[in-house]
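Chain by chain, the residues:
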Amino acid sequence: MKRNELMALIATTILMFAVCMSASAKGKRNVERGMTKQEVIAILGEPKLTSFNIYGDKWEYAKNTNLFGDSKYITVFFDRNGKVVQYDTRIIEPNSQTSNVQQSQHPTPPIYDGRCDPDGRMDYGYCLDDASFSKLYNKVKKASFDDNKFDLIEVASLGCYYSCAQVVRIMKIFSFDDSKMKVLSMMAPRIVDLQNATDIYQQFNFESEKQKVREILRSSR
């Protein structure tokens, strides 16, 4: 009888373990492109290491994967809006200096060359191609009131990236410096070639205005 009870207890334990593992697997989510930092933390927890550059943030994790001591290193890359753009993993075995997956560097947007992806959509870090920018420029220029122009720029800036030269062209549509500053404030977080920011500074004559430009560009990073 005792033997039967013991076997029943073992069977029940195994069954409960399987159920728990199944529930855990179903509840586990994977990091996906476009997720926010809060969603990543909910899945992976707080990162072990963090770093950033002008294109976005990089979070790194180290986790033990099994009883044999293998370690999984996870790297998550975010764009400047805090959304996931890349996810890398690599497994390192004990006493091994190599991993079965090479870790890539942070995806770096190219210098402006007017390109977009093969489907015509803007990819991470790419600014508008000439044809798309011309459409935006003409719509903004033809809008009847400044408020309408600002609305068009604001909507476009939700999904587009710009070069400094493109920002300057939009700014030139407006006559007053205050309006130009407002345009810059909306477009600055989407600029991909800050090395050419001199073009923007040259649109203003006074040092106080150039200081405002500097603050806008710095706060947008």
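The rules behind each value
Residues numbered from 1 in each chain as written. Predicted model: local features only at pLDDT ≥ 70, side-chain atom pairs only at ≥ 80, totals over all residues. Heavy atoms only, no water. Helix = DSSP H or I, 4+ residues; strand = E, 2+ residues; numbered from the N terminus. Buried < 20%, exposed > 50% of the residue type's maximum accessible area, 1.4 Å probe, protein only. Contact = heavy atoms within 4.5 Å. Areas by Shrake-Rupley, 256 points an atom, 1.4 Å probe, with all protein chains shown as cover. Salt bridge = Lys/Arg side-chain N within 4 Å of Asp/Glu carboxyl O. Core = buried A, V, L, I, M, F, W, Y, C linked by side-chain atoms within 4.5 Å. Phe/Tyr/Trp six-rings, centres within 6.5 Å; stacked < 30°, edge-to-face > 60°. Lys NZ or Arg CZ within 6 Å of the ring centre and 35° of its normal. pLDDT = per-residue confidence, 0-100. Axes fitted to C-alpha atoms, helices over the stretch in contact; angles between N-to-C directions. Left-handed = near helix turned anticlockwise from the far one by under 90°. Patch = residues over 30% accessible without salt bridge, like charges linked within 9 Å, V, L, I, M, F, W, Y side chains within 5 Å. Lys, Arg positive; Asp, Glu negative; His and termini not counted. Charge placed at Lys NZ, Arg CZ, Asp CG, Glu CD. Expected span 1.5 Å × (residues − 1). Arc of directions from axis to C-beta.

### Topic: the overall build of the chain
- In terms of regular secondary structure, the chain is built from 8 helices and 4 strands.
- The secondary structure elements of the chain, listed N-terminal to C-terminal, are α-α-β-β-β-β-α-α-α-α-α-α.
- Residues classed as buried in the chain amount to 36% of the 221 residues present.
- Taking the contacts inside the chain whose residues are at least 6 apart along the sequence as the reference set, 48% of them involve residues at least 24 apart.
- A total accessible area of about 14,300 Å² is found for the chain, and carbon and sulfur atoms account for 53% of it.

### Side note on the pattern of salt bridges
- Across all of its chains, the model carries 2 salt bridges by this definition.
- The residue aspartate 57 makes a salt bridge to lysine 37 at a minimum N-O spacing of 2.3 Å. One end of the pair, aspartate 57, is in strand 2 (residues 56-64); the other, lysine 37, is in helix 2 (residues 37-44), and 20 residues separate them in sequence.
- On the basis of relative accessible area, aspartate 57 is assigned to the partly exposed category, the value being 21%.
- For lysine 37, a relative accessible area of 22% gives the class partly exposed.

### Brief notes about the nonpolar core
- Ranked by internal contacts, the top residues of the largest apolar core, which has 31 residues, are Leu184 and Ile200.
- Of all the secondary-structure elements, those providing two or more residues to this core are helix 3 (130-142), helix 4 (146-156), helix 5 (164-171), helix 6 (177-187), helix 7 (198-201) and helix 8 (207-219).
- The next biggest cluster of nonpolar side chains, apart from the first, holds 10 residues, and it includes Val40, Ile74, Phe78 and Val84.

### Quick notes on the packing of aromatic side chains
- For the coordinates displayed, the defined rule picks out 3 aromatic pairs.
- Look at phenylalanine 133 and tyrosine 137: their rings are 6.2 Å apart centre to centre, the planes differ by 35°, and that puts the pair in the tilted class. One end of the pair is phenylalanine 133 and the other is tyrosine 137, both in helix 3 and 4 residues apart, which spans about a single turn.
- Judged by its relative accessible area of 3%, phenylalanine 133 falls in the buried class.
- Its guanidinium or amino end placed over the ring of tyrosine 137, arginine 169 lies 4.3 Å from that ring's centre, counting from NZ or CZ.

### So, the confidence of the model for the chain
- Here the chain averages 75 in pLDDT, while 67% of its residues score no lower than 70.
- Counting interchain partners and residues more than four positions distant, the pLDDT-below-50 stretch residues 97-125 has 63 contacts.

### Here's the deal with the packing of helix 5 against helix 6
- Contact geometry of helix 5 with helix 6 gives a least axis separation of 9 Å together with a crossing angle of 145°. The way helix 5 lies across helix 6 gives a crossing that is right-handed. Residue-level contacts link Val167, Ile170 and Met171 of helix 5 to Lys180, Val183, Leu184 and Met187 of helix 6.

### A look at the side chain of serine 179
- Turning to its location among the elements, serine 179 is positioned in helix 6.
- Serine 179 has contacts with Asp146, Phe150 and Phe174, leaving out every residue within four places of it along the chain.

### What about the environment of asparagine 53?
- Residue placement: asparagine 53 occurs in strand 1 (residues 49-53).
- Once the C-alpha coordinates of asparagine 53 and aspartate 79 are considered, the two residues, 26 residues apart in sequence, prove to be 9.9 Å apart.

### Focus on the environment of cysteine 164
- Turning to its location among the elements, cysteine 164 is positioned in helix 5.
- Excluding its chain neighbours within four sequence positions, the residues that come into contact with cysteine 164 are Ile191, Asp193, Leu194, Asn196, Ala197 and Ile200.

### Description of a negative patch on the surface
- A grouping of Asp146, Asp147, Asp151 and Glu154 is seen on the molecular surface, where their side chains present a negatively charged patch.
- Structurally, aspartate 151 is set in helix 4.
- Using a relative accessible area of 43% as the deciding quantity, one classes aspartate 151 as partly exposed.

### Here we look at helix 8
- Given a rise of 1.5 Å per residue, 13 residues ought to cover 18 Å, and the 18 Å separating the end C-alpha atoms of helix 8 matches this to within 8%.
- Burial in helix 8 covers these residues: Glu209, Lys210, Val213, Ile216 and Leu217. Buried positions in helix 8, seen along its axis, are confined to an arc of 115° and lie on one side of it. In helix 8, the exposed positions angled more than 90 degrees off the buried face are occupied by Glu207, Ser208, Arg218 and Ser219.
- Looking at the buried positions of helix 8, the neighbouring elements they touch are helix 6 and helix 7.

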